[in-house]
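What follows is each chain in one-letter form.
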Amino acid sequence: MVTGEHVAGSRDPTPANDDLGAGAGAGAASTVDGEADGEADPDPESDPDPKSDPESDPNPESDPDPESDPDPESDPDPDPDPESDPDDRCGTEPEPENGAVSSKKDGNAADKLTLAAGNGHKRSSSGIPRDMYGFELSPEDAEAEAAFYASYAHVLQERVLRWNAYAAKKGKIKAKAKPHGEDSTAVAAPATPTTPTSPITPRTPVSHKSASGDADAYSASADGEASCEASGPPAKSKAKSKSKAPKPDKQTRKELAKAEKARAKAEKARAKADKARAKATAKARAATAKSAIDPAKAFAKCDELKKMVRLGIPQQWRPAVWLQTSGASKLRAAASPDEAYATVLAQAEGMTSEAMRQIDNDLDRTFPKHPSLDAAEVKAKLRRVLVAYSIRNQAVGYCQSMNFVVAFMLMRMTEDEAFWLLAATLELLLPAQYYSRSMVDSSVDQKVFAQLVAAKMPALPPIFEAEGIPLELISSQWFLCLYVRSVPTETTLRVWDAFFYEGSKILFRVALALVRSFEPEIMAMASSELISGGELFMRVKDMPASVFDCDALMDLAFNGIGSLPAKKIDKMRAKLRPDIQRQYEDRAARHNTNQALPGAPIPLNGSSVDNHAHDHATASADLSDSDSSDSSSDSSDSSTDDNSDSS
Amino acid sequence: YTVVLIGDSAVGKSNLLSRFTRDEFSLESKSTIGVEFATRSISTDDGKVLKAQIWDTAGQERYRAITSAYYRGAVGALLVYDISKYETFSNVERWLKELRDHAENHIEVMLVGNKSDLRHLRVVMTEDAEAFAQENGISFIETSALDASNVEEAFSSILTKIYEKVSRKSMNSDAAGSGKTKPMANNASKVIVVDNENDDAAPAKKKKCC
């Protein structure tokens, strides 16, 4: 991790930062040989003044320091179920033993490492703080993030070990046995559809480098991560912090120094964790090269897997697990040759469509400035997947927000995989009209959500109603983007882990958890009277962006909001849907009738007609696909559905 | 006052808003999903402070079903198109209809031709847009969120109009004892045309309507 320039580049440097920036830099620099001497703790020499900094325990694991987590939302619901997540952010997760980390440096928390290395240069060159996945952060959030991971790294490490063991146990392919027929073939197939079957190995975040030969920052960094981390950035950070150091007065200097120390501590812990991750990834690769895993077997749904998924999937297993649990690999295996990604994509040749126009509009507006989407080649990939899907699913075509979802997928999987994962999301996990032209099911879900909030947190809706801001206005973005960019990246990924396994009820659980965790703040804001409806809206909308403590959020989602079986959601959907469908049809019909009289001007206040030639096609298309809805979308196994609710 | 920004996708609604409220512009902005909000206060010629609450909406057609709820309560709308994309201008009629169907009857509407800095790519003639605006009894202005020309003017003009309308309305209702009067109906003379090449002309355009 490029923690050194993270400090320097992202915050106000202070005199104290001179030392600490250099210290963090040294910490990071030691990762050069850190691979080799992982056991040697580089931290002592990186902290120039250990005695003045009682907080600066270099061992994150021996210093859980819950105070260092700035996340305002601490879990109000103590978790009675030890299996389903710690209510302590630094992990009461079955953790081998305290202080054991030095002996398990190889615990591969491989999450993030390649990304970090890849965009470390970006970060230092632009000075914009980014999270470990390359997304921009505000300076405050960058700090919050660093603080969180300082105490979270060892949880990630432990998780990787557990998953590796699980995958090896369940998915081991016996010598000579064919790799589990078609199914695993499908899973393993990289972007080039012609590639023969091969079992999978765990992957670093973006593993499609070889498949498409792209030069994307992430994949390119996969192998050179240690040196990337170590060589360039630290020196830079040093220089930067020195040159920029202002001269604050004594008091603020003291405060700043203190803050800097806390930060540096977090950075150090992060550097250390990253180093461990790098090592573990290499190890995992080596291990899996020897004993390949059959993903269909390894990640077949079962209670044990579900519990593990709820606790989070390690980054390198995510693509494989998502493809299995979402049903994407089954969709792909069952597809006829005509439905194959490459075949569908070939149909797009020379074609133009409304969907394509809109997709082209959005390519540059999907995570602008994100290092992995800078390259034209990566944008081309995003375009291909979206275009191919618009051909596969013509009732949907393309809906804004799918661009964000697919880009997010492509950061960690091949085009082919993203295509099928998108298909599974829209066709198996969500109701059919979520992204369709009518978006009826999306509206329905917002109403369902509003009703759930009213039932579970009755004090809230009146606040929003009084301000004329329906809460759905805020939450529709959460749902439509599947929490991409609404919450921090790792938190989104945790939502996805559970969503692909358990289906759309997870979106509700997370939304309810978010609202519940902000309830006190919202109540306080409302009583302050100083705030307008719009400001309330924006404040609430921005709150989730700093929910770095994904464990606490997911724990709250599973255990803190009461019972919410998929069946209940389906019932509510079924009840609300007819009205919303009717409203939509009325609307569409009105446009169609008006369309009959072209050319007339539109007096705003009058009752005259207008010209709506363009609406015609859209409206009728909508009506024609509107009756094919599917309200039984939760694919989760309903028997174990809400096991945590009752506990 | 609540004002909404509407218009096709990628015409520059979000950048108009950020230019007006934060004096920021980005060539690399994200697609708006759902709704965004920002606020700013301006003062009128007679010293009143007008607080504008501005909602920015997703442009893709299918989002209208979701966003139309936000038209309610809006007293003004900036209907934005891109002078370098004809389609965004031809869709203006549909947006007007949308407003007629879902917004308040007396909503003040201003047609905004954005991206006026793209002179060499212009495909929508100022006269055409002007004529359209006149026909439909709405005001018109060309802006550039990129070089900031007329952005301030567009917002302050619509806010001033709303302010005037509201004060007149309350006067009318005081006099006639009815709030039902429609002072704005069919007044084509209130069209504002601002040459995008001449930013300085803007203040002169704050003429009274009706």
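Structure first, text after, so check above.
Summary of the structure given here. (Residues numbered from 1 in each chain as written. Chains lettered and ligands numbered in written order. Predicted model: local features only at pLDDT ≥ 70, side-chain atom pairs only at ≥ 80, totals over all residues. Heavy atoms only, no water.)

## Looking at the overall build of chain A
Stage number 1. Assigned secondary structure in chain A consists of 31 helices and zero strands.
Stage number 2. Burial analysis of chain A (647 residues in total) assigns 60% to the buried set.
Stage number 3. Pairs at least 24 residues apart make up 82% of the contacts formed inside chain A by residues separated by at least 6 positions.
Stage number 4. Per element, the accessible surface of chain A, about 23,100 Å² overall, is 56% carbon and sulfur. (Helix = DSSP H or I, 4+ residues; strand = E, 2+ residues; numbered from the N terminus. Buried < 20%, exposed > 50% of the residue type's maximum accessible area, 1.4 Å probe, protein only. Contact = heavy atoms within 4.5 Å. Areas by Shrake-Rupley, 256 points an atom, 1.4 Å probe, with all protein chains shown as cover.)

## Let's talk about the overall build of chain B
Stage number 1. Scanning chain B for helices and strands turns up six helices and six strands.
Stage number 2. Going residue by residue from the N terminus, the α and β elements of chain B occur as β-α-β-β-α-β-α-α-β-α-β-α.
Stage number 3. Relative to its full complement of 210 residues, chain B shows a buried share of 58%.
Stage number 4. Within chain B, contacts between residues separated by at least 24 positions form 74% of all contacts whose residues are at least 6 apart in sequence.
Stage number 5. For chain B, the accessible area works out to roughly 8,100 Å², and carbon and sulfur atoms hold 49% of it.

## Topic: the sheet that holds strand β3 (residues 49–57) of chain B
Stage number 1. Within the open sheet, the six strands sit side by side as β2-β3-β1-β4-β5-β6 (chain B). Their pairing is mixed. Whereas interior strands pair on both sides, the edge strands pair on one side only; in this sheet they are β2 (35–43) and β6 (139–142) of chain B. With direction set aside, neighbouring strand axes in the sheet form an average angle of 25 degrees.
Stage number 2. Looking at chain direction, strand β5 (residues 108–114) of chain B and β6 of chain B are connected through four bridges and run parallel. Across the sheet, residue Met 110 of chain B finds its bridge partner in β6 of chain B, namely Ser 139 of chain B.
Stage number 3. Relative to the sheet, helix α27 (residues 533–542) of chain A contacts β2 and β3 of chain B, its axis offset from that of β2 of chain B by approximately 140 degrees.
Stage number 4. Lying on the sheet, helix α4 (residues 92–102) of chain B is in contact with β1 (2–7), β4 (76–82) and β5 of chain B; it crosses β4 of chain B at an angle near 165 degrees. (Pairing = 2+ DSSP bridges. Axes fitted to C-alpha atoms, helices over the stretch in contact; angles between N-to-C directions.)

## A short note on the environment of Leu 471 of chain A
Residue and element names in this part refer to chain A.
Stage number 1. Of note, Leu 471 is situated in the loop between α23 (460–466) and α24 (472–480).
Stage number 2. For the pair Leu 471 and Gln 446, spaced 25 residues apart in sequence, the C-alpha separation works out to 8.6 Å.
Stage number 3. Not counting residues up to four positions away in its chain, the partners in contact with Leu 471 are Phe 449, Val 453, Phe 464 and Val 515.

## Focus on the side chain of Lys 13 of chain B
All names here are of chain B.
Stage number 1. Relative to the helices and strands, Lys 13 resides in helix α1 (residues 13–22).
Stage number 2. Despite being buried, Lys 13 has no salt bridge partner; Asp 56 is the closest side chain of opposite charge, sitting 5.6 Å away.
Stage number 3. Within the structure, Lys 13 has its side chain in polar contact with the backbone oxygen of Asp 8 (distance 2.6 Å).
Stage number 4. With sequence-adjacent residues up to four places away left out, Lys 13 is seen in contact with Leu 5, Ile 6, Gly 7, Asp 8, Asp 56, Thr 57, Gly 59 and Val 80. (Lys, Arg positive; Asp, Glu negative; His and termini not counted. Salt bridge = Lys/Arg side-chain N within 4 Å of Asp/Glu carboxyl O. Polar contact = N/O pair within 3.5 Å; in protein donor to acceptor, adjacent residues only side chain to side chain.)

## Observations concerning helix α18 (residues 354–363) of chain A
Residues spaced three or four apart along an α-helix face the same direction, because each turn holds 3.6 residues.
Residues and elements named next belong to chain A.
Stage number 1. For α18, the set of buried residues is Ala 355, Met 356, Gln 358, Ile 359, Asp 362 and Leu 363. Across the axial projection of α18, the buried residues extend over an arc of 165 degrees, all falling on one side.
Stage number 2. Next to the buried residues of α18 lie α19 (376–392) and α20 (402–410). (Arc of directions from axis to C-beta.)

## Let's talk about the pairing of β3 of chain B
All names here are of chain B.
Stage number 1. When you tally the buried positions in β3, you get seven out of nine residues, the bulk of the element.
Stage number 2. Note that β1 and β3 share four bridges and pair parallel. Within β3, the position partnered with Leu 5 by the bridge is Asp 56.
Stage number 3. Two elements, β2 and β3, share nine bridges in a ladder whose sense is antiparallel. Paired with Val 35 across the bridge in β3 is Thr 57.

## Focus: the packing of aromatic side chains
Stage number 1. Counting across every chain of the model gives 29 aromatic pairs over all chains.
Stage number 2. Arranged with centres 5.2 Å apart and planes meeting at 55 degrees, the rings of Phe 367 of chain A and Phe 404 of chain A form a pair that is tilted. With Phe 367 of chain A in the loop between α18 and α19 and Phe 404 of chain A in helix α20, this pair connects stretches of sequence that are 37 residues apart.
Stage number 3. For Phe 404 of chain A, a relative accessible area of 4% gives the class buried.
Stage number 4. In textbook terms, an aromatic cluster arises when at least three aromatic residues are bridged by ring pairs, as seen for Phe 135, Trp 322, Phe 367, Phe 404, Phe 408, Trp 496, Phe 499 and Phe 500 of chain A.
Stage number 5. The cationic tip of Arg 412 of chain A hangs over the ring face of Phe 408 of chain A; the distance from NZ or CZ to the ring centre is 4.6 Å.
Stage number 6. Taking the ring centre of Trp 95 of chain B as reference, the NZ or CZ of Arg 64 of chain B above it sits at 3.8 Å. (Phe/Tyr/Trp six-rings, centres within 6.5 Å; stacked < 30°, edge-to-face > 60°. Lys NZ or Arg CZ within 6 Å of the ring centre and 35° of its normal.)

## Comments concerning the interface of chain A and chain B
Stage number 1. Taken together, the contact between chain A and chain B spans 55 residues of the former and 48 residues of the latter.
Stage number 2. Approximately 4,300 Å² of surface area, both sides summed, lies buried where chain A meets chain B, with 51% of it carried by carbon and sulfur atoms.
Stage number 3. Joining chain A to chain B, the criterion identifies three salt bridges.
Stage number 4. Glu 98 of chain B serves as the salt-bridge partner of Arg 587 of chain A, at 2.2 Å between the closest nitrogen and oxygen.
Stage number 5. Taken together, the links from chain A to chain B amount to 18 residue pairs in polar contact (both at pLDDT 80 or more). (Buried area = accessible area lost by both parts, 1.4 Å probe.)

## Concerning helix α5 (residues 126–136) of chain B
All names here are of chain B.
Stage number 1. Within α5, the full set of buried residues consists of Thr 126, Ala 129, Phe 132, Ala 133 and Asn 136. An end-on view of α5 places all buried positions within 130 degrees of arc, on one side of the element. Relative to its buried face, α5 has exposed residues pointing more than 90 degrees away, namely Glu 127 and Glu 135.
Stage number 2. Each element contacted by the buried residues of α5 is listed here: β4, α3 (86–90), α4, β5 and β6.
Stage number 3. A positive phi of about 65 degrees marks Gly 137, the residue just after α5.

## A look at unusual backbone geometry
Across residues other than glycine, the phi torsion is negative in most instances, and most of the peptide bonds are trans.
Residues and elements named next belong to chain A.
Stage number 1. The phi torsion at Lys 369 lies on the positive side, around 75 degrees, for a residue other than glycine.
Stage number 2. Note that Lys 369 resides in the loop between α18 and α19.
Stage number 3. Owing to a relative accessible area of 32%, Lys 369 belongs among the partly exposed residues under this scheme.
Stage number 4. Residues other than glycine seldom take positive phi values, yet Tyr 483 does so here, at roughly 70 degrees.
Stage number 5. Mapped onto the fold, Tyr 483 is located in the loop between α24 and α25 (489–502).

## With respect to the packing of α24 of chain A against α27 of chain A
Helices that pack against each other are described as a pair by the angle of their axes relative to one another and the distance between those axes.
Residue and element names in this part refer to chain A.
Stage number 1. Axis separation between α24 and α27 bottoms out at 10 Å; the angle between their running directions is 30 degrees. Viewed along their axes, α24 and α27 adopt a mutual orientation that is roughly parallel. Between α24 and α27 lies a crossing whose hand is right-handed. Side by side, α24 and α27 meet where Leu 473, Ile 474 and Gln 477 of the first sit next to Phe 537, Val 540 and Lys 541 of the second.
Stage number 2. Residues that form the contact of α24 with α27 fall into these classes: four nonpolar, one polar and one charged. (Parallel < 35°, antiparallel > 145°, perpendicular 65-115°, else oblique. Left-handed = near helix turned anticlockwise from the far one by under 90°. Nonpolar A, V, L, I, M, F, W, Y, C, P; charged D, E, K, R; others polar.)

## Some words on the pattern of salt bridges
Stage number 1. Under the counting rule described, the total for this entry stands at 36 salt bridges over all chains.
Stage number 2. Where Arg 130 of chain A meets Glu 136 of chain A, a salt bridge forms, and the shortest distance between an N and an O atom there is 3.9 Å.
Stage number 3. Classification of Arg 130 of chain A as buried rests on a relative accessible area of 4%.
Stage number 4. A salt bridge links Arg 40 of chain B to Glu 152 of chain B, with the shortest nitrogen-to-oxygen separation between them at 2.4 Å. Note that Arg 40 of chain B is positioned in strand β2 and Glu 152 of chain B in helix α6 (residues 151–176), a separation of 112 residues in sequence.
Stage number 5. When its relative accessible area of 23% is taken as the criterion, Arg 40 of chain B is described as partly exposed.
Stage number 6. What makes Glu 152 of chain B partly exposed here is its relative accessible area of 39%.
Stage number 7. Here the salt bridges do not stand alone but share partners, grouping Lys 306, Arg 310, Glu 502 and Lys 505 of chain A into one network.

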